[in-house]
Structures are given as structure tokens and as C-alpha cells.
Amino acid sequence: MTAAIKSQGPAVKAHSARNGQGHAAAEVDPDGLQPAGLPAPAPGPRRHCLDLDDYSAEEIRQVLDTADAMKEILARPVKKAPGLRGRMVVNCFYEASTRTRVSFEVAAKNLSADVVNFSAGGSSVEKGESLIDTARTLVALGANVIVIRHSMAGAPHVVARNAGAAVINAGDGRHAHPSQALLDLYTIRERLGGLAGLRVAIVGDVLHSRVARSNIHGLTRMGAEVILCGPATLLPVNLQLAGMRFEHDLDAILPQADVVMPLRIQKERAEGGLIPSLREYRQRYGVTTERLRRMRPGALIMHPGPMNPGVEIDPEVATSPQSVIESQVSNGVAIRMALLYLLAGVAV
Amino acid sequence: MYSDVEAAARNGSDHLPSSGGKLIMSADDMRRALTRIAHEIIEHNRGVRQLVLVGMRTRGVPIARRLAERLDEFEGVQVPVGELDITLYRDDIGLRAVQPMVGSTAIPVDVSDKIIVLVDDVLFTGRSVRAALDALIDYGRPRAIQLAVLVDRGHRELPIRPDYVGKNVPTSQTEDVAVRLRETDGQDGVEIVSREVRA
Amino acid sequence: MLIRNLRNRADVRLEGSEEVVDGRGLVLLPGFVDLHCHLRQPGFEHKETIATGTLAAAAGGFTTVCCMPNTEPTIDTVGTLQHVVEIARQEAVVRVLPIAAVTRARRGAELSDMAELAAAGAVAFSDDGSPVASSSMMRHALEYANSFGRVVIDHCEDPALTKGGAMHEGQVSERLGLPGWPAAGEEVMVARDVALAAQTGARVHIAHVSSAGSVQVIRDAKRRGIRVTSEVTPHHLTLTDEWIERGAYDANCKVNPPLRSEGDQLALIEGLLDGTIDAIATDHAPHAMADKACEFEQAAFGISNIETAFASLMGLVHAGKLPFDLLVDKLTRSPAAVLGLDLPADDWVLVDPDAEWTVDAARLHSRGRNTPLHGHTLRGRVMLTICRGRVVYDALREAAIAS
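Residues numbered from 1 in each chain as written. Chains lettered and ligands numbered in written order. Predicted model: local features only at pLDDT ≥ 70, side-chain atom pairs only at ≥ 80, totals over all residues.

1. Looking at the overall build of chain C
Then, number 1: In terms of regular secondary structure, chain C is built from 16 helices and 17 strands.
Then, number 2: For 403 residues, the compact-globule formula gives about 22 Å, and the C-alpha radius of gyration of chain C, at 20 Å, lands near that figure.
Then, number 3: By principal-axis analysis of the C-alpha atoms, chain C measures approximately 60 × 50 × 40 Å.
Then, number 4: Within the span of chain C, comprising 403 residues, buried residues form 60% of the whole.
Then, number 5: Counting contacts in chain C only where the partners sit at least 6 residues apart, residues at least 24 apart contribute 72% of the total. (Helix = DSSP H or I, 4+ residues; strand = E, 2+ residues; numbered from the N terminus. Rg over C-alpha atoms; globule rule 2.2 N^0.38 Å. Buried ≥ 20, exposed ≤ 12 C-beta atoms within 10 Å, placed from the backbone. Contact = placed C-beta atoms within 7 Å.)

2. Some remarks on the overall build of chain B
Then, number 1: The number of helices and strands found in chain B is six helices and eight strands.
Then, number 2: For chain B, the N- to C-terminal ordering of α and β elements is α-β-α-β-α-β-β-α-β-β-β-α-β-α.
Then, number 3: In chain B, buried positions account for 43% of the 199 residues.
Then, number 4: The long-range fraction of contacts in chain B, counting pairs at least 24 apart against all pairs at least 6 apart in sequence, stands at 71%.

3. Thoughts on the arrangement of the chains
Then, number 1: Looking at the two pairs of chains with contacts, the pair that accumulates the most is chains A and C.
Then, number 2: With no contact between them, chain B and chain C keep their nearest C-alpha atoms 24 Å apart.

4. Structural notes on the nonpolar core
Then, number 1: Counting 178 residues, the largest nonpolar core has Val 145, Ile 146, Val 259 and Leu 340 of chain A together with Leu 67 of chain B as the members making the most contacts within it.
Then, number 2: Ranked by residues supplied to this core, first place goes to helix H13 (residues 325-344) of chain A with 12 residues.
Then, number 3: Composition of this core by domain shows at least three residues from each of domain 1 (46-176 + 332-344) and domain 2 (178-324) of chain A.
Then, number 4: Beyond its immediate stretch of four places on either side in the chain, Leu 67 of chain B contacts Leu 34, Ile 37, Ala 38, Leu 53, Val 119 and Ala 148 of chain B.
Then, number 5: Of all hydrophobic cores here, the second largest spans 104 residues; its members include Leu 26, Val 93, Ile 153 and Val 209 of chain C. (Core = buried A, V, L, I, M, F, W, Y, C linked by C-beta atoms within 7 Å. Domains from an automatic or database assignment.)

5. Examining the interface of chain A and chain B
Then, number 1: In this complex, chain A contributes 21 residues to the contact, which on the side of chain B involves 19 residues.
Then, number 2: Those elements giving two or more residues to the side of chain A that touches chain B turn out to be helix H1 (57-74) and H13 of chain A.
Then, number 3: No other element matches H1 of chain A, which puts five residues into the side of chain A that touches chain B.
Then, number 4: Broken down by class, the residue content of the side of chain A that touches chain B amounts to 11 nonpolar, four polar and six charged. (Nonpolar A, V, L, I, M, F, W, Y, C, P; charged D, E, K, R; others polar.)

6. Side note on the sheet that holds strand S1 (residues 2-4) of chain C
Residue and element names in this part refer to chain C.
Then, number 1: Strand order in the open sheet formed by three strands is S2-S1-S3, with mixed pairing between adjacent strands. Each edge of the open sheet carries a strand with a single partner, namely strand S2 (12-13) and strand S3 (20-22).
Then, number 2: In terms of strand pairing, S1 meets S3 through three bridges, oriented parallel. The partner of Leu 2 across the bridge, within S3, is Val 20. (Pairing = 2+ DSSP bridges.)

7. Digging into the sheet that holds strand S7 (residues 175-180) of chain B
Residue and element names in this part refer to chain B.
Then, number 1: If you trace the three strands from one edge of the open sheet to the other, you get S1-S8-S7, paired in antiparallel fashion. In this open sheet, the two strands that pair with only one neighbour each are strand S1 (22-25) and S7. Averaged over all pairs of adjacent strands, the angle between their axes in this sheet comes to 30°, without regard to strand direction.
Then, number 2: The sheet contact formed by S1 and strand S8 (residues 189-194) spans three bridges and is antiparallel. Counterpart to Met 25 in the pairing with S8 is Val 190. (Axes fitted to C-alpha atoms, helices over the stretch in contact; angles between N-to-C directions.)

8. Here we look at the environment of Phe 124 of chain B
All names here are of chain B.
Then, number 1: Relative to the assigned elements, Phe 124 resides in the loop between strand S4 (115-123) and helix H4 (127-137).
Then, number 2: Given 24 C-beta atoms within a 10 Å radius, Phe 124 is considered buried.
Then, number 3: Distance in space between the C-alpha atoms of Phe 124 and Leu 158 is 9.8 Å, their sequence separation being 34 residues.

9. Structural notes on the packing of helix H4 (residues 135-146) of chain C against helix H7 (residues 184-200) of chain C
All names here are of chain C.
Then, number 1: In contact at an axis separation of 10 Å, H4 and H7 are set at 45° when each is read in the N-to-C sense. Judged by the angle between their axes, H4 and H7 are oblique. Along this stretch, H4 crosses H7, giving a crossing that reads as right-handed. Note on element contacts: H7 touches H4 through Arg 192, Asp 193, Leu 196, Ala 197, Gln 199 and Thr 200, opposite Ser 135, Met 138, Arg 139, Leu 142, Glu 143 and Asn 146. (Parallel < 35°, antiparallel > 145°, perpendicular 65-115°, else oblique. Left-handed = near helix turned anticlockwise from the far one by under 90°.)

10. Considering H4 of chain B
Then, number 1: Along H4 of chain B, the residues classified as buried are Ser 128, Val 129, Ala 131, Ala 132, Ala 135 and Leu 136 of chain B. The arc that holds the buried residues of H4 of chain B, viewed along the axis, is 155°, so those residues lie on one side. (Arc of directions from axis to C-beta.)

11. A look at the pairing of strand S5 (residues 199-203) of chain A
For a regular strand, side chains alternate in direction, first toward one face of the sheet and then toward the other.
All names here are of chain A.
Then, number 1: With four of its five residues buried, S5 lies for the most part within the structure.
Then, number 2: Relative to strand S6 (residues 225-229), S5 runs parallel, the two being bridged by five bridges. Within the sheet, the bridge partner assigned to Ala 201 lies in S6 and is Ile 227.
Then, number 3: Each parallel crossover has a hand, and for S5 linked through helix H7 (residues 210-221) to S6 it is right-handed.
Then, number 4: Here S5 runs beside strand S8 (residues 259-262); their pairing, made up of four bridges, is parallel. (Right-handed = clockwise from strand over helix to strand, strands pointing away.)

12. Topic: the environment of Pro 297 of chain A
Then, number 1: The residue Pro 297 of chain A is located in the loop between helix H11 (289-292) and strand S9 (300-301) in this model.
Then, number 2: Separated by 42 residues in the primary sequence, Pro 297 of chain A and Pro 255 of chain A have C-alpha atoms spaced 9.3 Å apart.

13. As for the pairing of strand S15 (residues 348-358) of chain C
Residues and elements named next belong to chain C.
Then, number 1: Relative to S15, strand S4 (residues 27-30) is paired through four bridges, and the arrangement is antiparallel. Paired with Pro 30 across the bridge in S15 is Trp 348.
Then, number 2: Across eight bridges, the pairing between S15 and strand S16 (residues 377-387) is antiparallel. Paired with Val 351 across the two strands is Val 382, which belongs to S16.

14. Quick word on unusual backbone geometry
Residues and elements named next belong to chain C.
Then, number 1: Geometrically, the link from Glu 72 to Pro 73 is a cis peptide bond, its omega value of 0° lying close to zero.
Then, number 2: Looking at the element boundaries, Pro 73 is found in the loop between strand S6 (62-67) and helix H2 (78-91).
Then, number 3: Of note, the bond from Asn 256 into Pro 257 is cis; its omega dihedral lies within 30 degrees of zero at -5°.
Then, number 4: Mapped onto the fold, Pro 257 is located in the loop between helix H10 (242-246) and helix H11 (262-273).
Then, number 5: The backbone of Asn 5 shows a phi angle near 60°, a positive value even though the residue is not glycine.
Then, number 6: Assignment of secondary structure puts Asn 5 in the loop between S1 and S2.
Then, number 7: For Asn 5, a count of 12 C-beta atoms within 10 Å translates into the label exposed.
Then, number 8: The backbone of Arg 106 sits at a positive phi, close to 55°, despite the residue not being glycine.
Then, number 9: Note on placement: Arg 106 falls in the loop between strand S7 (95-100) and helix H3 (114-119).

15. Observations regarding helix H3 (residues 60-75) of chain B
All names here are of chain B.
Then, number 1: For H3, built from 16 residues, the straight-helix expectation of 22 Å at 1.5 Å per residue is met to within 8% by its first-to-last C-alpha distance of 22 Å.
Then, number 2: Turning to H3, its buried residues are Gly 60, Val 61, Pro 62, Ile 63, Ala 64, Arg 66, Leu 67, Ala 68 and Leu 71.
Then, number 3: Buried-residue contacts for H3 involve helix H2 (27-45), strand S2 (51-56), strand S3 (81-84), S4, strand S5 (144-152) and helix H5 (182-185). (Expected span 1.5 Å × (residues − 1).)

16. Side note on the packing of H1 of chain A against H13 of chain A
Residues and elements named next belong to chain A.
Then, number 1: Where H1 contacts H13, the two axes come as close as 8 Å, and the packing angle between them is 115°. By crossing handedness, the relation of H1 to H13 is classed as right-handed. Two secondary-structure elements touch here, H1 through Val 63, Thr 66, Ala 67, Met 70, Lys 71 and Leu 74 and H13 through Val 333, Ala 334, Ile 335, Met 337, Ala 338, Leu 339, Tyr 341 and Leu 342.
Then, number 2: Of the residues assigned to the contact of H1 with H13, the class counts are 12 nonpolar, one polar and one charged.

17. A few points about the environment of Met 68 of chain C
Then, number 1: Along the polypeptide, Met 68 of chain C turns up in the loop between S6 and H2.
Then, number 2: C-alpha separation for the pair Met 68 of chain C and Asp 347 of chain C, spaced 279 residues apart in sequence, amounts to 22 Å.

18. Overview of the confidence of the model for chain B
Then, number 1: For chain B, the average pLDDT comes to 87, and 88% of its residues sit at 70 or higher.
Then, number 2: Averaged pLDDT values for the elements of chain B fall to 42 in helix H1 (residues 2-11) of chain B and rise to 97 in S5 of chain B. (pLDDT = per-residue confidence, 0-100.)

19. Here's the deal with the confidence of the model for chain C
Regions with low pLDDT should not have their predicted coordinates read in detail.
Then, number 1: In this model, chain C carries a mean pLDDT of 96, and residues with pLDDT of at least 70 account for 99%.
Then, number 2: We note a pTM of 0.88 for the whole complex and an ipTM of 0.88 for its interfaces.

Here it is as C-alpha cells:
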């Protein structure tokens, strides 16, 4: 590197979630496959879940296995275990969300944690109190875990660095949504028996999608291949990670995919000049009943929600036998219980 | 037994250290003890009706299965066997640096109005059993819960006593009881290991 | 004052005191000239004042600083300009040369009273912080200022391409999910300004060049004889967008134009070496803690760097990427020449090219603690700064006391 200033001393922050500062540059397996020779787990217990880029395959597997145990709790008459009794989880939502917030809330309650929900519109600056002050206040009030959703990338990292609580990123800007990616991995593993060697097509507005970004990290780390398919204006064309590639022709890749995951397309994308019209978008990238017929038998349809039925996905496709969209939602609770259990119980 | 779980968390596996301790139960002793316990269960409950065996993970599970085989042999009834993971019910959440992995729990029948025989390998402080009682009650309201252990080593910290005991073994706090089973460890036997050896 | 045993020249005697300084291992240079800094006064005294900003400048070896007019009110009238000049006369420890706004309130709609402002002491004109967005307004500004020998300094940014941009658009922004500020957002404006300079025959000065493409546009323009000069900042020469990732969204790395890629960095150094880029200017942009301790996208743009500039640039010298004499030229004679000024004879800076020190944001003289270099050890240190024959910064004494 040319940076003439040497990085050294305490200022070398890395973005590893282990200490809230810092960065284990995503170790990438050269051939995109695991399991041999995976990145060694970083020293010390993990304190935060900010993205999947610093999770090893082993750690991801640990979360998924824990979610298996959590799923058993969900099947009981009393869907509750005292695993996090006396721990306080604060859902700190700076951006509107129903499913993710409720999912985290149910997960925390299933583990007997005390749950506080806090929502604020817009940014902390508009609200008049800084994000850091808010986070410190929550910790002073007893928060052990801060689950944060924010419209701006990196907000959870700022909280992780400045507050003495475990931080779980529930979606930050277009950056990351690790719990969603983990539940996607879990659902695929549950349905198809594994992840290595699969080919997953993520279709549509990848550029603005935090779900896609976290899925790229998670899937490639587990040895799956990711195809990002969409118009050039909606793909993060500068992104280069092992195990992923860009495509523009959905019909060409459809027969190769084991999983097809259309992303929500927002009307504003047409207004901003990124696509000509939703009509043309559907024609080229909509997962229609017609296209469903050309998919592999047994291939899965997933959608992170909320859907625009009739635009990026036909309603008949969403409810077809190949669709696992509902399982994604119920598995989300098990995954979030697993994350909360693994992060919230640790002595700080 | 807590120290087992913790050792497992530390080692990342369920392996006990290889021998080096004093053998207190041979494979034959173990077989005889389990046979006796099976008879006691039948006698005490006047048969095996409404009985469910629940093994506490890890080594309570194969012991429960062996007891079930004997009950089938003596009474000709297949008693349901469940397995219970108590991790989420432990009383030391938040006191550790790393969370222990949560294992699977599978209770094949509704426990309401059943007589549950909880099975573990070693009874020590009683904390695991306390956790198991809480866990079981989350599955319903059993008519009764009884406790069977292969070894009772004393040092209780809670008011818990076993209904069926394979062997009472006086130990000191600096010793550990290592139970080995065919199913999990390749061979049967119980040893006392001093903690210095384990460390 | 007598400075003896210097590394680069014979003993020097300066008027004013009888003190004898042992210059062993040290190099005496003309005081540095900064074409571009923000002193924030009037209007933003919580970020910096003329007093604190010039103390920081002195600590960085700068004896002349040109301050940008994006204050509140904007320096766009003779009254405001005189106010700044008066505060500087009373409180500044180094020379302060004000730059006035091209357009009133930097809104891009009407030209400021440029000739009057020039007569009152404005050394150049700039709407820095914003570009002069209208091409026709820029054309008129260039023509008008040229008629009385002043240069227009343009902050090159096409707002339509950079709207919402928080960092360089590239691999790192895609990984971090931050909205990108593409290199083209600068390059189209640089190209426009070059075309306008060619059209009008007036000289344009491009502020804080950050991309390889801009360097190429300016190089070609110079080859064609078009009157264009340019500057580059220490941070664009020494840091890259990867610092944002390594710092886990460290807002102290957020600056406009943004830190770019390694390839851009190499092109900027190449531009200095071949003369495409005339000067190094700090774009020292101090901010209050609250402006930076927030979400990256919400954070203010800017780096407080006037105190670390020389030392961080010495990193390039020690790495063999930039000759020491060229660095000195780009900090002294060359920026003065951009403004048509001679170097003052009684401004000096004494530096130790090899002394290592660790940046401590809390110990900066500037009110702006917004440095990405906090905790980093730099090699090269300003030991003594003399402006108008007076010692305005003295680290030798501190060092002597410390040892």
C-alpha cells in the first residue's frame, strides 16, 4: 500500500466486532470454497454482530446450530426459556421496521430477557441527541444488548465503539443486515441440507440492499456461489469479492440457480433514473410464474420482504411450493434467539 | 454435572481426560447397578405405566436408554426416552466469558401427568438437576419427577436428593468423577480423577 | 538569534535575540505557505478562531496562511474582509491572507465586489466548500478577476454527481454501503474549468485535486498552454479510502473531496513530481467534536491537519517517493508563486526530518481535534517557527525541558 503513514500503535482500529473497533479484513477463501483452511477465529469472545464479513464459517455454523436448539423451544407449549433472565435488550430503531423489530422482540422475550423498544424517526442529529449519547444513556439504564436499525451505514459501529453493550446490527443503511442473512442461510441449509456448492441468484436492486451485501459475505463464506443479477445501474459494480459475479440476463442464469432471491424494488428507483419504469423492470427481472417454470426442480424462492407482489415477484410465485418465504420469517425468530443468546449472556 | 459442561465448553468437546485416576466402577459394576436401578424403578412405581425416562445431556441420555432396554426386558413395555439440554436453564448466565453451546432437546411425548425419571451420570452440587426440573416443567405438568443417577458424589449445594443411585462415592472437592460410556467414550467405567491431573 | 551546526546550510544569524540555538541534525527552511485553510472566524469560533488556527499553523511550520471565506457571514464584502484582517492583526501569530468569495454568500448567483475586495486585501477568490456551479458565472468570474490580476480558486464538484456522497465511490464504499462520491464528480468540473480558462485566457486554480483523472486533465491542459494551476492536500497524498474501513467508519477520515484509492494517490504524487500540481495546500478544516462524533453520513467534511501536514508528508520523503527539496518547494516558493507573491525574508522554520513523534489529538493547538492520525507515529517534526523575525512556535525549548 502507498499510504505513507504507517499504521501502528493503538490507533490501528480494525473493525472486528470483537472489540468494536476494528477490522479483520474479510478473509476470503481463494477458491471460494471451504471448509478446509478457514480463517482462524479471532482471539477473544465476540461481542458484537455488525456484519458477517468478520464471521468465520465455523462461527456461522455455530449460530445456525444454536438456532436449531432455539427452534425446538418454538415448538413447545411454553415457548420460553430463561436463558437471558435478568438481561436487558434494547431495540433501538431509527428507521421504520415491523418485521425485524417484532422478530427481535419475540426472540428476546422467548429467552426471558427484559425488552425495551425505542424508536426515533430520522437521524440522531435531527432528534437533537447524538447517537453516542443515546447509546450511553441506554447502557446506563442497564442495557446489555443494543439491537440497532439505522438508515445510515456504520451507525452500529459507532455505537459498538462507544457504548459498553453488545451490539447487534438490525440493518444499517445499504451496508449490512446480518441477522437476515443468517436466517436466509439457515432456511437454505434446512431445506437443501447444506450450503457449500450451491448457486444463489440475488436479483434486482443489489446496490441499495443491505440484505444482499450480508448474504454475499455469508453465502460465499459457507462455500456457495452468488450471482448478482440486475440492471447495471442497480448493481454495486465496484464490489469484488471471491465467489460472486455479476450478470444482467436473468433468463440465462435462472436454470442454473438453486436459490432465487428477488429483492424489493422501490418506485423511487425509476424516479431517480436508475431504471426506466417498473414495467420494464418486471419484464426483465420480475420472478414471474413463467420464469418459475424454467427454474430447476427443487430450487427455492426466497424474499427478504416486504414484497411488491406483481413487480419483482408474482404473488403466485411467492405462494408456490418452492417458496420458503414464510419459513424465513419463522426461522428469523430462532436465528435472533441464537444471536441474542450467544452475545447477551457473556460477562462484560 | 456442571464441571463437565464447563470442561466441554473449555475443550470444545465432550471428551473426558483419559485415565490416570482410580477406577471405582468397572463395566460389570455399572451393568449390575443399572439393572438394580431398573428393578427399583419398577418396584417403586408398581410397574412402568405412565413412565417417561429423560436423560440429561450428554451422558444421562445413553444411561436412560440402557435403563429403558432393561424396563422393556423385565416388563415388556417400551418406555419413552427423551433427552434434555439444560444450558438455557443454568444459573450462571452472564458469569462466563463464552456462552456454552446449546444442545438439542427432544421430549417425544407430552409430559403432563406422566412420571418422569430424570437420569444423569453424576449428582454433585444439584444445580444441574435444579435446571433440569425448571426445563421439564416448561414442557407441561408431570405427576411426579424422580431422579436416577449412576454416581452420587455428595457436596450438594441445593436441597435435592436422588431416588435411585448406582453408587455413592465419597469425594473431595479437588477430585472429579469421570464417567465413561460405550456410546460416548468407547468403553464403560467410572474413575476418580484428581483435578491436578485434569488440569 | 544564532543557529549553528545546521544540516543544510552555514550558521544563520537572525535579528531579535541573542539566543544561540544548536541546529545539529536540523534543517532551516523558509516558512511554509498554505494556500488553503479554514480559520472559521467569524461565525464558527467553536471550531477554530484566527488565534487558535494560526497557533496551529505556526506549530505546523506555516508562516503564511490563506483563509477561505466560507465563514458566517461569508467574506464577500469589504467590511467583513476588514474585520478578518483586523482580528488577524491583533491575534494571529502568522501572516493571514484572506481569500474572498467569488459570489455573494457563495450562492453562485451574483458576483461579489471582487475589485474592491482585491483592493482591500483579498489575495484570491473562491466559493470553496461549493463549486461555482454555473458555467457562465464561472466564466465571468475568471474574466473579471483576471482583469485586476487575481486568480479564482475552484472547488471542483458536480453536485448532481456527488449528491449524498459520503466517501470515494469504489470498492470500499461498496463494501461499507456508504453512498459514493465518484471521481468523475470532480473531473467533469476540472475539465469545465480548463475549458473556461482556455476560452477566457484567465488563470484558474484547482483546489484540492484528488483523482488521477483530474491530474491527467490538468497535465494535458498545461501541455496545451492553458493557464491552470493546482494544489493537493497532505491527506490525499498520504491516506486512502481504506482508512475509513480500517477505522470502522471513522468520521475523522471524512473529507471533501473524499480520500481516494491507492491509484489516485500514486497519480497525485506523480503530478507533484512532473509539475502538474503546483502546490501542497492543507485544506485544514477544523470541526467541533459533535460535528464528527455521529453517524458517518451525518458527520461534517474535513480534517484538522495543519499541524501534522509536514510530518505526514515527510513519510513520502522517507519512503523515497518524494524528494525532500521538491516537498519544500511545494510548501514554500511554489504556493507563493500561485498567488504571485515572493517569500518573506524573515519567515523561517527549523525542522528535524528524522524526529519521531506520536500525534495526540488532545494536544493539538487547533480547536479541531478531527484528525485520523491520532495515535500514529510520524517521522519529521517542526522544531521552531519564526514569523516576521519573531519566534512563534518553539518545540526546542519543550524538548529541552522534557529531557
